[in-house]
Structure formats: structure tokens, C-alpha cells
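# Per-entry structural report
One letter stands for each residue in the lines below.
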Amino acid sequence: MRADRLVATLLLMQARGRVTAAEVAEELEVSVATARRDLEALSAAGIPVYPQPGRGGGWSLVGGARTDLSGLTAAEAQALFLLVGPAAAVAPEAKAALRKLVRALPDTFRADAEAAASAVVIDPARWGERVRERADVVELLQQAVVRRQRVRFGYASRGRERVDRTVDPWGLVAKDDIWYLVAGTDRGQRTFRVDRVEDAAVTGGTFTRPEGFDLAQAWDQVVIEIEQRRSLVSATVLVAARSVFVLQDQYGRHCEVLDTVDDGRVRVRLAAPTPLMIAQPLAGWGAMIEVEDSPEVRAELVRLGTELVGRHSPVP
């Protein structure tokens, strides 16, 4: 589109100071005649662009004038580059976008923005784990969300057979390096784990997202519902104060500190979907923890301990 080309021409002039029609043509992959017409159009539109004839001439901005096409403040530019900069290392599109935006910024903003872009590196892998490769289907779903295209795919929930689904993709969420699709179905809003999606394809049909739908709010509600299902069983445990942070790391938001008992130990409440899921991490603590209540969790600990003794006791 010509408007895009005119903006690109202006950015090129701001970056180089002076350009020739031939240089513009080579950079934007157009003919020299087209580049010359674009330069003349900028001048006619009121942009302070003027030609300098003769050897060493070309087109320049009057007095080195600059146009801030971004409309960003210095703080906004720095925040944007801090956020998007890490993505530029793995996404060529993000790198190209940042490069264009740098050209559009005033000189006083540019140095800080470029420094911000390389100030942060994000390593998504936990210690001892590999980085999960993003599935190709994520890009397809992203395009479908943006273009409001209906999608058909096969989906197999845990322990269930595959079912073919046709959905309206309302939005994508990345949580702990796992992607989820929030979508509209014939039964209302549903959430799908993207790594369980198979053979996804757009159907050719389009949809309209519900009026007032807010993806962040919808996801907050999904998180609340899932966390409630993940905390159906609870147990009260006594542990040394210095070890509380380890339980908090193991159980996350399902570890609630209650109080401190007379001997200095801390009472915490742990929650999980089943007694076994509470007991399994605790089994390695041995005598360092004490379960006060929940006979079901205590029974699972006894069973796990008996199994370990039976498996690892020395043969007479």
C-alpha cells in the first residue's frame, strides 16, 4: 500500500539524513520513478522534504527535522522495548518491528530504547528441564483469533477418546509455558489445552466475539474454577519454620500458613485433588513433618512408607 511506503520512506530519511531516489527504490524494492513520486508526494503533503540537485545531492528533511511517528513518551518507549525486546531474539517479525520503531523515535529516546531491547533475557525452562517447543498449531490459532475465523480440530481430554470439535476461538493464554485456548462452542465457553489439539484447520466460516468479552477476566474465572477443583482435599501439617518455604514451593497457592505452635513448628494447610497427591511430596520428608488430621492422607503416607520398606529393605 502506498501509505505504508510513504511512512517507510520517511523513516528511511530520518535514519540516513539524506537519500537519493535510487537508494529509496533499492531499499523499498520499487522503481526509481515510483520512489521519486513518493518523495514528491511527501513534499506536497507538507512534510519538510526538499531535493538538493547536483553531485552529492538527494532528498533531505529541512533543517534535519524529525517526525515522531510513534507518539510514545520516553517512558512508554522504554517500557515497550523492555517487554518486546526478549521476543525479538526468537521472532523475526518482532525484531523487524522494533527496528522500524527505533527509526521512528526521536533521537533523545533512541539510545535508551535500544538499550532496553537488549536489557532482558527470558529463559522459560526450569532448572533441570528443557524448553518446551511451541507447537505449530499455536500460530494457526493466533491467526484464527485475530481474523475471527472458526476452527475445527480433534481433541482428547485426559483419559478420554478423541472428539472432533468446531469452535469460535476467542483468545489464547500462555500459563507456565502451556498454551490454552478459550473458545465459544455450542455449549458455551470452553477451555482447551493446545497441546491436546490435533489436526486443527480453519473452516472458512467467521464469527463475532461476544460483546463485552474480556479475555483477562474470562481467564481469571477459569483459574478460580480450576484451582477449586485442585483443592478438594486438605490436610493440616506441622513443619519446622525454616522449611515452610519448601512446602510453599511444592504446593504453591495450596499451601496456607495458619499459625505457630508452642514448640516453634508452623502449622500449614495443604490442599490437592486427592489424598495421594498430598501424601506423595510429603513422603520424602520422613519425620520432619507431622500430619495432624486427615486420616486419608495419613493412610496414604503409611501405604507409601510400607511400599518403600518392602522394596528397598536388604534381603536376609
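Provided above is the structure to which this section pertains.
These lines cover the structure that appears in this document, whether it is placed above or below. Model, not experiment: these values are computed from the prediction.

### A look at the overall build of the protein
- Looking only at helices and strands, the protein has 11 helices and 12 strands in total.
- Compactness check: the protein gives a C-alpha radius of gyration of 30 Å against a globular reference of 20 Å for 316 residues, more than 25% above the reference.
- Residues counted as buried form 32% of the 316 residues belonging to the protein.
- In the protein, 57% of the contacts between residues at least 6 apart in sequence involve partners at least 24 apart.
- For the protein, the accessible surface area stands at approximately 20,000 Å², while carbon and sulfur atoms represent 51% of it.
- Taken together, the 41 basic and 43 acidic charged side chains of the protein have centroids lying 4 Å from each other.

### Observations concerning the nonpolar core
- Core analysis: the largest hydrophobic core is formed by 20 residues, its most contacted members being Leu247, Leu270, Ile278 and Leu282.
- At the level of elements, β9 (233-239), α9 (244-251), β11 (266-272), α10 (275-283), β12 (289-291) and α11 (295-312) are the ones that each hand at least two residues to this core.
- Ranked by size, the runner-up nonpolar core spans 16 residues in total, among them Val145, Val151, Val197 and Ala200.

### A short note on the sheet that holds strand β10 (residues 255-260)
- Here 4 strands make up an open sheet; going across it, the order is β10-β11-β9-β12 and the pairing antiparallel. At either end of the open sheet lies a strand with only one pairing partner, and these are β10 and β12. Neighbouring strand axes in the sheet, compared pairwise and without regard to direction, differ in orientation by 30 degrees on average.
- Alignment of β10 against β11, held across 5 bridges, turns out to be antiparallel. Looking at the pairing, threonine 260 lines up with valine 266 of β11.
- Strand contacts of α9: β9, β10 and β11, with the helix running at about 155 degrees to β10, the strand carrying the most contacts.

### Points about the side chain of threonine 185
- Here threonine 185 shows up in strand β6 (residues 178-185).
- Residue classification places threonine 185 among the buried positions, given a relative accessible area of 16%.
- Here arginine 187 takes part through its backbone nitrogen, which lies 3.0 Å from a polar atom of the side chain of threonine 185.
- Within the local environment of threonine 185, its side chain forms a polar contact with the backbone oxygen of glycine 188, the two atoms lying 2.8 Å apart.
- Leave out the neighbours within four places in its chain, and threonine 185 touches Arg165, Val167, Arg190 and Phe192.

### Regarding the layout of surface pockets
- Of the volumes computed, that of the largest pocket is approximately 1,900 Å³.
- Forming the boundary of the largest pocket are 40 residues, of which Tyr180, Arg193, Ile226, Arg229 and Arg230 lie nearest the centre.
- When residues of the lining of the largest pocket are traced back to their parent elements, those giving at least two are β5 (163-175), β6, β7 (188-193), α8 (215-229), α9, β11 and α10.
- Per-class residue counts for the lining of the largest pocket are 16 nonpolar, 7 polar and 17 charged.

### Description of the environment of arginine 18
- For arginine 18, the location among the structural elements is in strand β1 (residues 18-19).
- Residues arginine 18 and arginine 130, 112 residues apart in the sequence, show an inter-C-alpha distance of 48 Å.
- Residues contacting arginine 18, with those up to four places away along its chain left out, are Met13, Glu23, Gln52, Gly56, Gly57, Gly58, Trp59 and Ser60.
- Among the polar contacts made by the side chain of arginine 18, one reaches the side chain of glutamine 52 at a distance of 2.6 Å.
- Among the polar contacts listed, one links the side chain of arginine 18 to the side chain of serine 60, at a separation of 3.2 Å.

About the thresholds
- Residues numbered from 1 in each chain as written.
- Predicted model: local features only at pLDDT ≥ 70, side-chain atom pairs only at ≥ 80, totals over all residues.
- Heavy atoms only, no water.
- Helix = DSSP H or I, 4+ residues; strand = E, 2+ residues; numbered from the N terminus.
- Rg over C-alpha atoms; globule rule 2.2 N^0.38 Å.
- Buried < 20%, exposed > 50% of the residue type's maximum accessible area, 1.4 Å probe, protein only.
- Contact = heavy atoms within 4.5 Å.
- Areas by Shrake-Rupley, 256 points an atom, 1.4 Å probe, with all protein chains shown as cover.
- Lys, Arg positive; Asp, Glu negative; His and termini not counted.
- Charge placed at Lys NZ, Arg CZ, Asp CG, Glu CD.
- Core = buried A, V, L, I, M, F, W, Y, C linked by side-chain atoms within 4.5 Å.
- Pairing = 2+ DSSP bridges.
- Axes fitted to C-alpha atoms, helices over the stretch in contact; angles between N-to-C directions.
- Polar contact = N/O pair within 3.5 Å; in protein donor to acceptor, adjacent residues only side chain to side chain.
- 1 Å grid on protein atoms, 1.4 Å probe; cavity = no way out; pocket = protein on both sides within 12 Å on 5 of 7 lines; lining within 4 Å.
- Points joined across faces, edges and corners; volume = space filled by probe spheres on them.
- Nonpolar A, V, L, I, M, F, W, Y, C, P; charged D, E, K, R; others polar.

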